[in-house]
Amino acid sequence: LFFYLDIISIMNPNIIGFIATIVSTVSFFPQVIKVYKSKSAKDISYSAFLIFGTGGTLWFVYGLMINSLPVIIANSVITFLVILILIMKTIYDKK
């Protein structure tokens, strides 16, 4: 256990931030691809994605305020993907 704590203490926090950025951002791509391919978003909740998009936007602003590139990148891309999903939901729900 102490070995791992020593490794964590010498790691650059931005490395963890960039890894988290990649994982968080990539997690949205399957949903975007599924909605696009199926041309259906009937099972997606507007309110959940609006709340998530609001959170992503606030995290983006926070990242700007503290000048944290991992937070800025992750949340700008995630917010874009949330908006893309909501646009596709609006289009596909009309059909």
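The structure displayed is predicted, hence computed values, not measured ones.

### Remarks on the packing of helix α4 (residues 46–66) against helix α5 (residues 69–93)
Moving on, step 1. As a packed pair, α4 and α5 sit with axes 8 Å apart at the nearest point and diverge in direction by 155°. It follows from the interaxial angle that α4 and α5 lie roughly antiparallel. With respect to the hand of their crossing, α4 and α5 are arranged in left-handed fashion. Contacts from Tyr 46, Phe 49, Leu 50, Phe 52, Gly 53, Gly 56, Thr 57, Trp 59, Phe 60, Gly 63 and Leu 64 in α4 reach Val 71, Ile 72, Asn 75, Ser 76, Ile 78, Thr 79, Val 82, Ile 85, Leu 86, Lys 89, Thr 90 and Asp 93 in α5.
Moving on, step 2. Of the residues in the contact of α4 with α5, the class split is 13 nonpolar, 8 polar and 2 charged.

### Some words on the packing of aromatic side chains
Moving on, step 1. Here the structure, examined in full by the defined rule, presents 3 aromatic pairs.
Moving on, step 2. Ring plane angle 35° and centroid distance 5.2 Å describe the contact between Phe 28 and Phe 52, whose orientation is recorded as tilted. Taken together, the positions of Phe 28 in the loop between α2 (13–26) and α3 (29–38) and Phe 52 in helix α4 put the pair 24 residues apart, joining distant regions of the chain.
Moving on, step 3. The ring of Tyr 36 has Lys 39 lying over it, and the distance from NZ or CZ to the ring centre is 3.7 Å.
Moving on, step 4. For Lys 89, the ring lying beneath its charged end belongs to Tyr 46, and the centroid distance is 5.0 Å.

### A word on the nonpolar core
Moving on, step 1. Ranked by internal contacts, the top residues of the largest apolar core, which has 13 residues, are Phe 28, Val 35, Ile 44, Phe 49, Val 82 and Ile 85.
Moving on, step 2. Elements represented by at least two residues in this core include exactly α3 and α5.
Moving on, step 3. Take this core: its biggest share by element is 7 residues, from α5.
Moving on, step 4. Once you skip the residues sitting within four places of it in the chain, Phe 28 turns out to touch Phe 49, Phe 52, Ile 78, Leu 81, Val 82 and Ile 85.

### Some points on the pattern of salt bridges
Moving on, step 1. Overall, the coordinates contain 1 salt bridge when judged by the stated rule.
Moving on, step 2. Lys 89 serves as the salt-bridge partner of Asp 93, at 2.9 Å between the closest nitrogen and oxygen. Taken together, the residues Asp 93 and Lys 89, both in helix α5 and 4 residues apart, mark about one turn of the helix.
Moving on, step 3. By relative accessible area, which is 36% here, Asp 93 ends up partly exposed.

### Section: the side chain of Lys 89
Moving on, step 1. Its relative accessible area of 4% is what places Lys 89 among the buried residues.
Moving on, step 2. When neighbours within four sequence positions are excluded, Lys 89 is seen to be in contact with Ala 41, Lys 42, Ile 44 and Tyr 46.

Reading the values: rules and limits
- The residue numbering used here restarts from 1 in each chain and proceeds along that chain's sequence as written.
- Where totals are concerned, whole chains, interfaces and linings use all residues; where local detail is concerned, this predicted model gives features only for residues with pLDDT of at least 70, and gives and counts side-chain atom pairs only at 80 or more.
- The side-chain quantities take in all heavy atoms of the structure and omit both hydrogens and water.
- For helices, the fitted line uses only the C-alpha atoms of the stretch in contact; every axis is such a line through C-alpha atoms, and the angle between N-to-C directions lies from 0 to 180 degrees.
- Segments assigned H or I by DSSP are reported as helices when at least four residues long, segments assigned E as strands when at least two residues long, and all are numbered from the N terminus.
- An angle below 35 degrees is treated as roughly parallel, one above 145 as roughly antiparallel, one from 65 to 115 as roughly perpendicular, and anything else as oblique.
- A crossing counts as left-handed when the near helix is turned anticlockwise from the far one by less than a right angle, and as right-handed when that turn is clockwise.
- The contact criterion used is simple: two residues touch if any of their non-hydrogen atoms lie within 4.5 Å.
- When residues are sorted by character, Ala, Val, Leu, Ile, Met, Phe, Trp, Tyr, Cys and Pro go into the nonpolar class, Asp, Glu, Lys and Arg into the charged class, and all the rest, Gly among them, into the polar class.
- Here is the rule: rings of Phe, Tyr and Trp (six-membered ring for Trp) pair when centre to centre is within 6.5 Å. Planes less than 30 degrees apart are stacked, more than 60 are edge-to-face, and the remainder are tilted.
- Each ring is checked for a lysine NZ or an arginine CZ that lies within 6 Å of its centre and within 35 degrees of its normal; such an atom marks a charge sitting over the ring.
- Definition used in this section: a nonpolar core is a set of buried Ala, Val, Leu, Ile, Met, Phe, Trp, Tyr and Cys residues joined via side-chain atoms within 4.5 Å.
- Exposed residues in this analysis have more than 50% of their type's maximum accessible area, buried residues have under 20%, and partly exposed residues fall in between, with area computed by a 1.4 Å probe over protein chains only.
- The term salt bridge refers to a side-chain nitrogen of Lys or Arg lying within 4 Å of a carboxyl oxygen of Asp or Glu.

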